[in-house]
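Fold and contact review
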Amino acid sequence: MPRTGRLTTAAALLAAISALATACTGRAADSATDDPKADVTLSFWHGWSAPGEVQAIEEGIARFEKAHPNIKVEVTGNMTDDKINQALRAGGDKAPDVVSSFTTDSVGQFCNSRAFADLNPFLHKSGVDKTKVFPKTLLEYTQFKGNQCTLPLLNDAYGLVYNKTAFAAAGITEPPKTWSRFVEVAQKLTKADASGDSYEQVGLMPTFHGYETTPMRLAAQWSPTYFDADGRSNLSRDPAFAKMLTAQKDLVAALGGYEKLERFRSTFGDEWSAEHPFHTGRVAMQIDGEWRAPMAKEAGVGFEIGTAPLPVPDDQAADYGKGYLSGTVVGIASGSKKQNAAWELVKYMTTDTEAVVAFANAIHNVPSTLAALESPDLKVTPELRTFLDIARHPKSGTTPARADGGTYQLTFQDFAYAVEKGGVADITAGLAEVDRQIDTDIAKAE
Amino acid sequence: MSPWLIGFSVFFAYPLLSTVYFSFTKYDGFRPPAFNGADNWSYVFTDYPLFWPAMRNTLWLVVVMVSCRVVFGLGVGLLATKIKTGVGVFRTLFYLPYLAPPVAATLAFVFLLNPGTGPANTLLDAVGLPAPGWFTDADWSKPALTALALWGVGDLMVIFMAALLDVPKEQYEAAELDGAGAWARLRHITLPNISPIIMFAVVTGVIQAMQYYTQPLVAGKVAAGVIGGSGQQLEPGYPDRSTLTLPQLVHNLGFQRFDYGAACVVALVLFALSMAFTALLMRRRGGLIGAGR
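Attention in this report is confined to the structure presented alongside it. Everything numeric here is computed off the predicted structure, so don't read it as measured data.

With respect to the overall build of chain B
- The secondary structure content of chain B amounts to 13 helices and two strands.
- Principal-axis analysis of the C-alpha atoms gives chain B an extent of 75 × 60 × 30 Å.
- Per-residue burial for chain B yields a buried fraction of 45% across its 293 residues.
- About 14300 Å² of surface is accessible on chain B, with carbon and sulfur atoms providing 69% of the total.
- Charged side chains in chain B number 18 positive and 15 negative. The centres of these two groups are separated by 5 Å.

Structural notes on the side chain of A:Ser326
- Structurally, A:Ser326 is set in strand 10 (residues 325-326).
- If sequence neighbours within four positions are ignored, A:Ser326 has contacts with A:Thr104, A:Tyr141, A:Asn155, A:Asp156 and A:Tyr158.

Some points on the packing of aromatic side chains
- Summed over all chains, the structure comprises 39 aromatic pairs over all chains.
- Measuring from ring centre to ring centre gives 5.2 Å for A:Trp48 and A:Phe102, while their planes differ by 75°; the resulting arrangement is edge-to-face. Placement of the pair is A:Trp48 in the loop between strand 1 (40-45) and helix 2 (51-67) and A:Phe102 in the loop between strand 3 (98-101) and helix 4 (107-112), with a sequence separation of 54 residues.
- A residue is classified by how much of its surface remains accessible, and A:Trp48, at 4% relative accessible area, is buried.
- Ring geometry for A:Tyr226 and A:Tyr408: centres 6.0 Å apart, planes at 75°, overall edge-to-face. Note that A:Tyr226 is positioned in the loop between helix 10 (215-219) and helix 11 (239-254) and A:Tyr408 in helix 18 (residues 407-420), a separation of 182 residues in sequence. Each of the two residues, A:Tyr226 as well as A:Tyr408, counts as buried.
- Put simply, the rings of B:Tyr21, B:Phe22, B:Tyr27, B:Phe255, B:Phe258 and B:Tyr260 pair up and form one aromatic cluster.
- Directly above the ring of B:Phe258 sits A:Arg89, whose terminal nitrogen or CZ lies 3.4 Å from the centroid.
- The ring of B:Trp60 has B:Lys142 lying over it, and the distance from NZ or CZ to the ring centre is 5.8 Å.

Here we look at the side chain of B:Arg257
- You can see B:Arg257 is positioned in the loop between helix 12 (246-256) and helix 13 (260-292).
- Dropping the residues within four chain positions of it, B:Arg257 is found in contact with A:Gln109, A:Thr407, A:Asp441, B:Tyr43, B:Tyr48, B:Glu235 and B:Asn252.

Focus on the environment of A:Val183
Residues and elements named next belong to chain A.
- With respect to the secondary-structure elements, valine 183 resides in helix 9 (residues 179-188).
- Valine 183 sits in the buried class, given a relative accessible area of 17%.
- With 64 residues separating them in the primary sequence, valine 183 and alanine 247 have C-alpha atoms 9.3 Å apart.

Here's the deal with the packing of helix 3 (residues 51-82) of chain B against helix 4 (residues 87-99) of chain B
Residue and element names in this part refer to chain B.
- At a minimum axis separation of 10 Å, helix 3 and helix 4 run at an interaxial angle of 160°. When the axes of helix 3 and helix 4 are compared, the pair comes out roughly antiparallel. Helix-helix and strand crossings are classified by hand; for helix 3 and helix 4 the assignment is left-handed. Here Phe72, Val76, Leu79 and Ala80 of helix 3 come into contact with helix 4, specifically with Val87, Phe90, Arg91 and Phe94.
- Of the residues that constitute the contact of helix 3 with helix 4, the class distribution is seven nonpolar, no polar and one charged.

Cut-off values and rules
Chains are numbered independently. Their residues run from 1 in the order of the written sequence. Here every chain gets a letter starting at A, and every ligand a number starting at 1, in the order they are written. Under the rules for a predicted model, residues below a pLDDT of 70 receive no local features and side-chain atom pairs below 80 are neither given nor counted, while totals for whole chains, interfaces and linings still include all residues. Here the side-chain values reflect all heavy atoms present in the structure, with hydrogen atoms and water set aside. Numbered from the N terminus, helices here are DSSP runs of H or I no shorter than four residues, and strands are runs of E no shorter than two. Working definition: with a 1.4 Å probe on protein chains only, accessible area under 20% of the residue-type maximum means buried, over 50% means exposed, and in between means partly exposed. What sets the accessible areas is the Shrake-Rupley method with a 1.4 Å probe; for residues, cover comes only from the shown protein chains. Neither His nor the chain termini are counted; the positive set is Lys and Arg, and the negative set is Asp and Glu. One atom stands in for each charge, and that atom is NZ of Lys, CZ of Arg, CG of Asp or CD of Glu. We call two residues in contact when some of their heavy atoms are within 4.5 Å. Any two rings among Phe, Tyr and Trp, with Trp reduced to its six-membered ring, count as a pair given centres within 6.5 Å; such a pair is stacked if its planes are under 30 degrees apart, edge-to-face if over 60, and tilted if neither. Here, over-ring charges are defined by two tests on the NZ atom of lysine or the CZ atom of arginine: distance to the ring centre within 6 Å, and angle to the ring normal within 35 degrees. Structural elements are reduced to axes, namely lines fitted to C-alpha atoms, with helices fitted over the stretch in contact, and the angle between N-to-C directions of any two is expressed from 0 to 180 degrees. Oblique is the label for any angle not under 35 degrees, not over 145, and not in the 65 to 115 range, which are roughly parallel, roughly antiparallel and roughly perpendicular in turn. In a left-handed crossing the near helix is turned counterclockwise from the far helix by less than a right angle, and in a right-handed crossing that turn is clockwise. Nonpolar residues are Ala, Val, Leu, Ile, Met, Phe, Trp, Tyr, Cys and Pro. Charged residues are Asp, Glu, Lys and Arg, and all others, Gly as well, are polar.

Structure follows, in structure tokens:
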């Protein structure tokens with residue numbers, strides 16, 4: 001074949017492939033024309049896997065099916081965001097219609113990519129005023145740039161769970177409210193083991209690999225602003241981040257140093273097992289969600305448990321009671337052909353007070369609607385009361401949704417790992433570099 | 001059209017050309033791909049902070065892990081052909097670990113090398129040697145992965161055993177008559193005779209190292225304590241990006257960030273590196289085989 005002929009063939013092949021690839025990935029615009037009164041089977045994916053949680057979901061679905069005899073729901077549990085994303089992109093008959101995700105961090109990505117349908121038209125059609133149904137912070141983390149592509153399905157508040165018996169033994173009468181007192185208490189509760197190289201008990205496992213002790217949850221106590229009004233990353237310009245990182249680095253040093261603590265942490269087991277170090281008395285205070293106290297009780301711990309909000313910086317003592325909020329979200333796949341029926345399920349799960357309260361009671365979570373928070377049917381234990389108060393606190397915060405999902409948080413988290421290890425000499429300069437990276441990643445994702 | 005051409009087009013040419021095409025587009029799997037020039041290439045090489053650490057780690061594994069595996073596999077193969085009693089038990093002991101699924105084998109190694117509770121460090125402590133952090137220490141995580149690779153060296157042992165048993169005995173007898181010692185026999189008879197097999201082990205080892213994904217990912221996640229939970233996320237590569245490899249980046253960019261364009265760039269880099277290494281080794285192959293003649 002002559003040279004020009006080969007080139008023409010190659011170019012034609014490339015063009016054909018391009019056209020094919022483009023054609024294969026085109027998607028119809030969001031539309032919902034299905035009849036919600038017709039007989040239909042919905043596919044619902046969720047992430048819960050513990051038997052009690054799965055049972056709670058199934059009971060909720062059974063109540064929904066009883067109220068909507070024309071809608072049958074096929075439930076699939078133990079789904080991660082990775083699997084959900086793959087299935088939504090693959091589409092087809094096997095893809096889910098309704099999806100719930102544990103990761104509020106993914107909401108920006110879900111909304112930006114139009115993986116989930118905008119629920120605003122459905123809310124409007126059903127006469128649901130979302131601002132009167134859901135707390136403001138929860139609405140914040142379930143939408144992106146006005147696209148309400150998910151709704152809250154229960155809420156998680158983060159606070160302090162502590163061993164009251166260990167507190168009494170150390171002569172500590174109340175949970176610490178300020179950061180400086182927190183450091184003192186953590187030190188008092190820390191006991192070296194016989195060798196002196198490790199611990200019999202730590203007051204707190206402060207490193208950012210310690211289960212729920214993430215930089216974002218700790219940063220909430222400093223009330224940070226992640227992005228400025230123009231949407232640019234604000235970490236180096238808001239002193240809250242540098243102050244939090246410095247305080248945390250000092251706490252790590254006060255409790256024995258990064259290496260010694262990490263070596264001790266490597267002896268911990270699975271966060272969700274009965275052998276959690278808080279349950280076994282190896283950690284006296286745990287930064288955790290509302291589920292930890294009931295889980296510890298179910299594990300049969302031999303000490304009294306207390307809960308409290310996380311301490312605040314000394315200069316923000318008046319704001320004691322605030323904390324970090326996130327939670328499970330639920331949305332409708334934009335590729336679903338049964339969106340009106342799917343909306344009936346989503347509406348029921350997220351706005352029906354009885355359904356929300358029953359589910360919250362069953363899995364020990366904070367309810368996600370204003371009505372459910374006030375419901376007399378809500379089983380409020382003294383431990384849960386703390387987290388309900390954190391959820392209601394006007395200065396409790398969350399991490400904003402962005403087009404790159406949780407990538408900006410991972411960039412910050414990676415930097416925080418380096419700081420706590422002592423690998424960063426100038427935190428503010430390092431945060432400026434983090435800002436640059438975050439802005440680059442978000443610009444690429446948008 | 002010949003069956004070969006169909007297979008080549010469907011399983012090689014089309015995927016490769018598609019990857020090249022997507023590497024020049026912004027594509028998240030939902031919105032149609034949009035041409036964005038060299039943005040993805042520029043992002044991966046200059047703005048993606050995980051790329052160069054992953055490249056360094058992958059090259060480290062290609063050079064160190066593959067060398068160690070080939071040398072150790074050959075050593076075990078030689079021993080298996082030399083020992084007189086208990087050879088069956090010996091072969092079984094070295095081959096069985098190879099059958100372990102990669103995830104299970106990695107979990108077992110994270111447990112064995114746990115710096116706080118693992119038997120390896122308990123033993124090192126008992127004999128007064130320093131106990132490393134293994135998978136929790138950036139300086140030790142790749143040696144720990146290499147140890148895991150050596151543990152599963154059974155496949156190479158079998159291949160080398162077969163090659164060693166094929167070396168003509170008369171060559172050894174003639175060398176012995178000439179007064180050649182064990183080292184001289186190994187260098188001048190054994191190695192030249194099995195050089196094609198060594199080359200096979202090196203080339204396949206390099207390709208495996210280029211595709212090294214499961215073990216470093218599992219080890220990093222388990223050692224970091226993030227094996228599931230209420231939506232916790234973690235950049236791969238714990239500790240300090242030391243277990244990050246290029247295939248993990250393809251997954252991270254493509255299936256976590258849904259930046260298929262950038263993922264295609266990394267995939268193409270991986271492809272180019274594999275081709276370069278293989279071509280280089282195949283050029284050397286002629287010399288090695290020639291030495292055996």
